[in-house]
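# A structural walkthrough
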Amino acid sequence: MANISANFLGIKSPNPFWLASAPPTDKKYNVLRALEAGWGGIVWKTLGSQVKNVSSRYSAVDYHGSRVMGFNNIELISDRPLELNLQEIRECVKLFPDRAMIVSLMADNDRNSWHEMIAKVEDTGAHGIELNFGCPHGMNERGMGSAVGQDPEIARMVVEWVMEKATIPVITKLTPNVHSVVPTGKAVVEAGTNALSLINTIQSVTGIDLDTLIPNPNVGGQSAFGGYCGPAVKPIALKMLTTISQDAVTSRVPVSGIGGISTWKDAVEFMLLGASNVQVCTAVMKHGFRIIEDLCEGLSNWMDEKGFATLNDFIGQSVNRITKWEALDINYHIIANIHQDKCVHCGLCYIACEDTSHQSIHLEYGKPYNTYTVKTEECVGCNLCKLVCPVEDCITMDEHRKGPEYLNWTEYQRRGLPLNDH
């Protein structure tokens, strides 16, 4: 049976699934329920200067009957007294010494404030610190959160302050509200951070109530930009994680992956692109702490199926599979194949191809149903028909190479080959 235990910066946990810094980790009651359910670690909700939250705080984007495809919140850092949080962290560490306890911090932007906060956190017995350089609402307007993460030099300065004082591992959490996470990632790695985590939430407006004309969430007739997360942000998170994994500087430190992780498959994708462990939030807020059972079982079964004994056997294995467009093989070509024995004759493939793509599917009218076949000479292998087909494996994409050799765009131009064959 696969060993799914994790070791992140020497912080050991029975599995690689941590709860991200968020409402589910804001007090002892929640945290103990999570740890009893089996979560490998906790990132305690961000501690800092005292704040006051508003009501309401959350909104969501639903899609085709699926609730909470994307989740938005305008809740700030912990609004509970600092000393109460510290005491509860201390108690949780004693009760579950085999689980990771990381404390998220957002101190005022001066050296002494950071040093004082770090000393108090280390006194709890916590195993690590996560610097919140990502919060995109409320705190950024005070010069904290994403306001720090968006400026590499400010981020570098704060991390240097932190590393002067910290004696436990430091993880720096990056904001996605930038053109690239790499500049800030490089700055904080050069400043000494022990690890990175990403992504934090994306600044957003999730929608507007068409009766009241007030954006969501409604706070007394007004709203504010919030932090967007959930399954909708996963592709963005994976892209940003890849850029960190491929950079010579940022790839020197481990990464905790965050952003729309809802299933064990999502977690595996993050780890294949370089994450050493993952953090989960929205899925728990929707389904509860017990999803950890499916996450662990699914990961373990997949590893057994693939022959991976430990997490390190597959972490980062897909990083080098993402390259620049110019390096892709132009001679690689695929053609759609509609398997008539599986076709339910819905016509979705034909509509999508005929209206929006390459008119590569032939429609033969008939009774009691129509028949759809591929015009192989017209098909460019775009995958659209396969993506819209409701029947698994009804449409497959079969390889029909244009030529036997690997040929990329740069070489194609150098040889002066024709730019199109229309």
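The numbering scheme is per chain: residues are counted from 1 as the chain's sequence reads. Under the rules for a predicted model, residues below a pLDDT of 70 receive no local features and side-chain atom pairs below 80 are neither given nor counted, while totals for whole chains, interfaces and linings still include all residues. Side-chain metrics rest on all non-hydrogen atoms present in the structure, leaving aside hydrogens and water.

## Digging into the overall build of the protein chain
Only DSSP runs of H or I reaching four residues or more are called helices, and only runs of E reaching two or more are called strands; each is numbered from the N terminus. If you tally the helices and strands in the protein chain, you get 13 helices and 18 strands. With the C-alpha coordinates aligned to their principal axes, the bounding extent of the protein chain is approximately 75 × 55 × 45 Å. Here the protein chain holds 422 residues, and the buried ones make up 50% of them. Contacts are assigned to residue pairs with any non-hydrogen atoms lying within 4.5 Å of each other. Restricting to contacts in the protein chain with at least 6 residues of sequence separation, those with at least 24 account for 72%. Only the protein chains shown count as covering a residue, and every accessible area follows the Shrake-Rupley method with a 1.4 Å probe. Here the protein chain has roughly 20,500 Å² of accessible surface; of this, 51% comes from carbon and sulfur atoms. Each charge class in the protein chain was averaged separately, 36 positive and 47 negative side chains, and the resulting centres sit 3 Å apart. Accessible area is worked out with a 1.4 Å probe on protein chains only. A residue is then buried under 20% of its type maximum, exposed over 50%, and partly exposed in between. Charge convention: Lys and Arg are scored as positive, Asp and Glu as negative, and His as well as the terminal groups of each chain are ignored. For this purpose, a charge sits on NZ of Lys, CZ of Arg, CG of Asp or CD of Glu.

## With respect to the sheet that holds strand β3 (residues 17–19)
Taken together, the eight strands give a closed barrel; going around it, the order is β3-β4-β7-β8-β9-β10-β13-β14, and neighbouring strands pair in parallel fashion. Taking the axes of each pair of neighbouring strands and ignoring which way they run, one obtains an average angle of 25 degrees across the sheet. One ladder, built from three bridges, connects β3 with strand β14 (residues 277–280); its direction is parallel. For F17, the partnering residue across the bridge sits in β14 and is V278. Note on method: axes are straight lines fitted to C-alpha atoms, helices fitted across the in-contact stretch only, with angles between N-to-C directions ranging 0 to 180 degrees. The strands that helix α7 (residues 234–246) touches are β10 (195–198) and β13 (255–258); relative to β10, the one it contacts most, it runs at about 160 degrees. Its contacts with the sheet put helix α8 (residues 264–272) on β3, β13 and β14, and the angle it makes with β14 is roughly 135 degrees. Strand pairing follows a simple DSSP-based rule, namely that at least 2 bridges must link the two strands.

## What about the packing of aromatic side chains?
The pairing test for Phe, Tyr and Trp rings, Trp by its six-membered ring, is centres within 6.5 Å, and the orientation test on the planes gives stacked under 30 degrees, edge-to-face over 60, and tilted for anything in between. In the structure shown here, the tally under the stated rule is eight aromatic pairs. Pairing Y350 with Y372 gives two aromatic rings, centres 6.0 Å apart and planes at 35 degrees, and the pair type is tilted. Taken as a pair, Y350 in helix α11 (residues 348–356) and Y372 in strand β17 (residues 371–374) lie far apart in primary sequence, 22 residues in all. Take Y372: its relative accessible area is 6%, and that puts it in the buried class. An angle of 20 degrees between the planes, with centres 6.1 Å apart, marks the rings of W409 and Y412 as stacked. With a gap of three residues between them, W409 and Y412 both fall in helix α13 (residues 409–414), about one helical turn apart. For W409, a relative accessible area of 25% puts it in the partly exposed group. One aromatic cluster is present, formed by W302, F308 and F314 through successive ring pairs.

## Digging into the environment of M1
Turning to its location among the elements, M1 is positioned in the segment before β1 (6–8). Judged by its relative accessible area of 89%, M1 is exposed. As for M1 and V253, which are separated by 252 residues in sequence, their C-alpha atoms are 29 Å apart. With sequence-adjacent residues up to four places away left out, M1 is seen in contact with S300 and D304.

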